[in-house]
Amino acid sequence: AYTGTGSMMISNFSGNTENQFEELISPPVDFTGISSDAVTFRLAFARKALDNTDRLQVLGSDDCGATWSVRYNKSAASLSTVGGTVSADLIPQASDWREETITISPYVNSRNVRFKFVFTAGNGNNIYIDDLNVTGVVGLEEKESGDIFGLKAVTDPVSGNTEALFFLPFSQHVELAVYDLTGRK
(Lines give C-alpha, C1' and ligand atoms only; values in the text may rest on other atoms or scores of the structure.)
Protein backbone atom coordinates (compact mmCIF):
# COMPACT_ATOMS: atom_id res chain seq x y z
CA ALA A 1 0.00 0.00 0.00
CA TYR A 2 1.14 3.54 -0.65
CA THR A 3 -0.61 4.72 2.52
CA GLY A 4 -2.25 2.59 5.18
CA THR A 5 -2.06 -1.18 5.20
CA GLY A 6 -3.97 -2.25 2.08
CA SER A 7 -4.43 -1.49 -1.59
CA MET A 8 -6.16 -3.10 -4.55
CA MET A 9 -3.87 -5.65 -6.20
CA ILE A 10 -4.38 -7.71 -9.32
CA SER A 11 -2.11 -10.73 -9.38
CA ASN A 12 -0.91 -10.68 -12.96
CA PHE A 13 2.60 -12.16 -12.68
CA SER A 14 1.47 -15.70 -13.46
CA GLY A 15 -1.78 -17.42 -14.32
CA ASN A 16 -3.42 -14.67 -16.38
CA THR A 17 -3.77 -15.25 -20.10
CA GLU A 18 -3.23 -12.63 -22.78
CA ASN A 19 -6.21 -10.22 -22.97
CA GLN A 20 -7.83 -11.56 -19.77
CA PHE A 21 -9.38 -8.60 -17.97
CA GLU A 22 -10.35 -7.69 -14.42
CA GLU A 23 -12.88 -4.97 -13.54
CA LEU A 24 -13.62 -2.95 -10.43
CA ILE A 25 -16.74 -0.74 -10.47
CA SER A 26 -17.32 1.96 -7.87
CA PRO A 27 -20.62 2.58 -6.13
CA PRO A 28 -22.58 5.63 -7.38
CA VAL A 29 -21.23 8.98 -6.21
CA ASP A 30 -23.15 12.28 -6.14
CA PHE A 31 -21.06 15.02 -7.81
CA THR A 32 -23.77 17.69 -7.42
CA GLY A 33 -22.01 20.88 -6.38
CA ILE A 34 -18.52 19.37 -6.56
CA SER A 35 -15.78 21.98 -6.40
CA SER A 36 -13.19 20.04 -8.43
CA ASP A 37 -12.95 18.37 -11.79
CA ALA A 38 -10.33 15.73 -11.00
CA VAL A 39 -9.96 12.33 -9.36
CA THR A 40 -6.52 11.08 -8.35
CA PHE A 41 -5.21 7.62 -7.52
CA ARG A 42 -1.85 5.96 -6.89
CA LEU A 43 -0.58 3.25 -9.22
CA ALA A 44 2.31 0.75 -9.07
CA PHE A 45 3.06 -1.52 -12.03
CA ALA A 46 6.09 -3.11 -13.71
CA ARG A 47 6.64 -4.92 -16.97
CA LYS A 48 8.19 -8.41 -16.98
CA ALA A 49 9.52 -7.94 -20.52
CA LEU A 50 9.78 -5.01 -22.92
CA ASP A 51 7.08 -6.45 -25.21
CA ASN A 52 4.34 -6.64 -22.52
CA THR A 53 0.99 -5.16 -23.61
CA ASP A 54 -0.82 -4.77 -20.26
CA ARG A 55 -3.39 -1.95 -20.19
CA LEU A 56 -5.27 -0.02 -17.52
CA GLN A 57 -8.36 1.96 -18.43
CA VAL A 58 -10.59 4.01 -16.16
CA LEU A 59 -14.04 4.67 -17.54
CA GLY A 60 -16.76 6.93 -16.21
CA SER A 61 -20.54 6.75 -16.37
CA ASP A 62 -23.30 9.08 -15.24
CA ASP A 63 -26.16 6.73 -16.19
CA CYS A 64 -25.54 3.84 -13.74
CA GLY A 65 -23.23 2.04 -16.13
CA ALA A 66 -25.53 1.91 -19.18
CA THR A 67 -22.78 3.73 -21.12
CA TRP A 68 -19.10 4.30 -20.30
CA SER A 69 -16.56 6.90 -21.48
CA VAL A 70 -12.80 6.34 -21.31
CA ARG A 71 -11.24 8.85 -18.90
CA TYR A 72 -7.79 7.23 -18.60
CA ASN A 73 -5.95 4.79 -20.86
CA LYS A 74 -2.33 3.69 -20.45
CA SER A 75 -0.48 0.57 -21.52
CA ALA A 76 2.97 -1.01 -21.63
CA ALA A 77 5.80 1.49 -21.00
CA SER A 78 3.46 4.42 -20.24
CA LEU A 79 1.66 2.32 -17.60
CA SER A 80 4.87 1.16 -15.90
CA THR A 81 5.91 3.03 -12.75
CA VAL A 82 9.19 1.11 -12.43
CA GLY A 83 12.12 1.65 -14.80
CA GLY A 84 13.04 -1.29 -17.03
CA THR A 85 11.58 -4.71 -16.26
CA VAL A 86 11.02 -6.73 -13.08
CA SER A 87 11.36 -10.51 -13.48
CA ALA A 88 9.90 -11.37 -10.03
CA ASP A 89 6.51 -10.63 -8.45
CA LEU A 90 6.26 -6.86 -8.00
CA ILE A 91 5.81 -5.86 -4.37
CA PRO A 92 5.99 -2.07 -4.62
CA GLN A 93 8.29 0.12 -2.56
CA ALA A 94 7.44 3.78 -1.87
CA SER A 95 9.37 4.90 -4.97
CA ASP A 96 7.40 2.52 -7.24
CA TRP A 97 4.12 4.46 -6.86
CA ARG A 98 2.94 7.26 -9.18
CA GLU A 99 -0.05 9.57 -8.76
CA GLU A 100 -2.43 9.62 -11.73
CA THR A 101 -5.14 12.22 -12.42
CA ILE A 102 -8.45 11.70 -14.20
CA THR A 103 -10.43 14.69 -15.48
CA ILE A 104 -14.08 14.36 -14.44
CA SER A 105 -15.46 17.63 -15.80
CA PRO A 106 -18.24 15.83 -17.79
CA TYR A 107 -19.64 14.53 -14.49
CA VAL A 108 -19.67 17.74 -12.44
CA ASN A 109 -23.23 18.22 -11.11
CA SER A 110 -24.21 14.64 -11.98
CA ARG A 111 -25.88 12.55 -9.28
CA ASN A 112 -25.03 8.92 -10.17
CA VAL A 113 -21.39 8.86 -11.27
CA ARG A 114 -19.53 5.54 -11.35
CA PHE A 115 -15.98 4.65 -12.28
CA LYS A 116 -14.81 1.36 -13.74
CA PHE A 117 -11.15 0.29 -13.57
CA VAL A 118 -10.40 -2.26 -16.32
CA PHE A 119 -7.04 -4.02 -16.33
CA THR A 120 -6.24 -6.13 -19.41
CA ALA A 121 -3.42 -8.63 -19.00
CA GLY A 122 -0.55 -8.57 -21.47
CA ASN A 123 1.99 -10.90 -19.83
CA GLY A 124 3.27 -8.26 -17.40
CA ASN A 125 3.57 -8.03 -13.65
CA ASN A 126 1.18 -7.35 -10.75
CA ILE A 127 -0.66 -4.02 -10.62
CA TYR A 128 -1.61 -2.08 -7.49
CA ILE A 129 -4.05 0.82 -7.06
CA ASP A 130 -4.36 2.88 -3.88
CA ASP A 131 -5.56 6.24 -2.55
CA LEU A 132 -8.50 6.94 -4.88
CA ASN A 133 -9.42 10.55 -4.07
CA VAL A 134 -11.89 13.14 -5.26
CA THR A 135 -10.83 16.61 -4.19
CA GLY A 136 -13.47 19.12 -3.24
CA VAL A 137 -16.89 18.66 -1.72
CA VAL A 138 -18.62 15.44 -2.75
CA GLY A 139 -21.57 13.50 -1.36
CA LEU A 140 -22.28 9.79 -1.48
CA GLU A 141 -25.90 9.24 -2.37
CA GLU A 142 -27.97 8.31 0.67
CA LYS A 143 -29.87 5.07 0.27
CA GLU A 144 -32.76 3.54 2.13
CA SER A 145 -31.46 0.83 4.47
CA GLY A 146 -32.95 -1.87 2.24
CA ASP A 147 -30.98 -0.60 -0.78
CA ILE A 148 -27.47 -0.79 0.68
CA PHE A 149 -25.30 -3.48 -0.91
CA GLY A 150 -21.59 -3.70 -1.51
CA LEU A 151 -18.93 -6.17 -2.55
CA LYS A 152 -15.22 -5.76 -2.02
CA ALA A 153 -12.53 -8.19 -3.19
CA VAL A 154 -9.24 -8.06 -1.30
CA THR A 155 -6.19 -9.99 -2.50
CA ASP A 156 -3.34 -10.87 -0.16
CA PRO A 157 -0.17 -10.24 -2.24
CA VAL A 158 1.85 -12.74 -0.19
CA SER A 159 -0.48 -15.76 -0.36
CA GLY A 160 -2.32 -14.81 -3.56
CA ASN A 161 -5.66 -15.60 -1.88
CA THR A 162 -8.63 -13.33 -2.51
CA GLU A 163 -11.27 -12.62 0.13
CA ALA A 164 -14.76 -11.46 -0.92
CA LEU A 165 -16.45 -9.13 1.57
CA PHE A 166 -20.19 -8.48 1.29
CA PHE A 167 -21.88 -5.45 2.83
CA LEU A 168 -25.59 -6.14 3.28
CA PRO A 169 -28.39 -4.30 5.09
CA PHE A 170 -29.41 -7.50 6.93
CA SER A 171 -28.34 -11.14 7.17
CA GLN A 172 -29.16 -13.01 3.97
CA HIS A 173 -27.96 -15.87 1.76
CA VAL A 174 -25.31 -14.83 -0.80
CA GLU A 175 -24.00 -16.90 -3.70
CA LEU A 176 -20.67 -16.07 -5.30
CA ALA A 177 -19.72 -17.63 -8.63
CA VAL A 178 -16.48 -17.24 -10.59
CA TYR A 179 -16.50 -17.55 -14.38
CA ASP A 180 -13.63 -17.80 -16.86
CA LEU A 181 -13.49 -15.92 -20.18
CA THR A 182 -15.45 -18.65 -21.95
CA GLY A 183 -18.31 -18.39 -19.45
CA ARG A 184 -17.54 -21.62 -17.63
CA LYS A 185 -18.40 -21.60 -13.94
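Preceding this section is the structure that the text describes.
Residues numbered from 1 in each chain as written. Predicted model: local features only at pLDDT ≥ 70, side-chain atom pairs only at ≥ 80, totals over all residues. Heavy atoms only, no water.

Caption draft 1: Molecular detail of the packing of aromatic side chains. Considering all chains together, one arrives at seven aromatic pairs under this definition. The interplanar angle of 75° and the centroid separation of 5.4 Å between the aromatic rings of Phe41 and Tyr72 together place this pair among those described as edge-to-face. Of this pair, Phe41 sits in strand β3 (residues 38-45) while Tyr72 sits in strand β5 (residues 69-75), placing them 31 residues apart in sequence. Residue Phe41 is classed as buried on the basis of its relative accessible area of 0%. Residue class for Tyr72 comes out buried when judged on its relative accessible area of 6%. Relative to Tyr128, the ring of Trp97 has its centre 6.3 Å away and its plane inclined at 65°; by these criteria the two rings are edge-to-face. (Phe/Tyr/Trp six-rings, centres within 6.5 Å; stacked < 30°, edge-to-face > 60°. Helix = DSSP H or I, 4+ residues; strand = E, 2+ residues; numbered from the N terminus. Buried < 20%, exposed > 50% of the residue type's maximum accessible area, 1.4 Å probe, protein only.)

Caption draft 2: Here's a closer look at the pattern of salt bridges. Scanning the model with the defined rule gives five salt bridges in all. Across the pair Lys74 and Glu100 runs a salt bridge whose closest N-O atoms are separated by 3.0 Å. A residue pair is termed long-range when its members are at least 10 positions apart, and Lys74 in strand β5 and Glu100 in strand β6 (residues 98-103) qualify at 26 residues. Here Arg98 makes a salt bridge to Glu100, at a shortest N to O gap of 2.3 Å. For Arg98, a relative accessible area of 24% puts it in the partly exposed group. (Salt bridge = Lys/Arg side-chain N within 4 Å of Asp/Glu carboxyl O.)

Caption draft 3: Local environment of the pairing of strand β7 (residues 114-120). Within β7, six of the seven residues are buried, which leaves it mostly tucked inside the rest of the structure. Bridging between strand β2 (residues 21-25) and β7 involves five bridges; their strand directions are antiparallel. Among the inter-strand pairings, Glu22 is bridged to a residue of β7, identified as Phe119. The pairing of strand β4 (residues 55-61) with β7 spans seven bridges and is antiparallel. Across the sheet, the residue bridging to Leu56 is Phe119, located in β7. (Pairing = 2+ DSSP bridges.)

Caption draft 4: Just the sheet that holds strand β8 (residues 127-134), in detail. Taken in spatial order, the four strands of this open sheet run β1-β8-β3-β6, and their pairing is antiparallel. Strands at the two margins of the open sheet, each flanked by one partner only, are β1 (8-10) and β6. The mean angle between the axes of side-by-side strands here comes to 30°, regardless of whether they run parallel or antiparallel. Bridging between β3 and β8 involves six bridges; their strand directions are antiparallel. Opposite Leu43, over in β8, you have Ile129 as the bridge partner. (Axes fitted to C-alpha atoms, helices over the stretch in contact; angles between N-to-C directions.)

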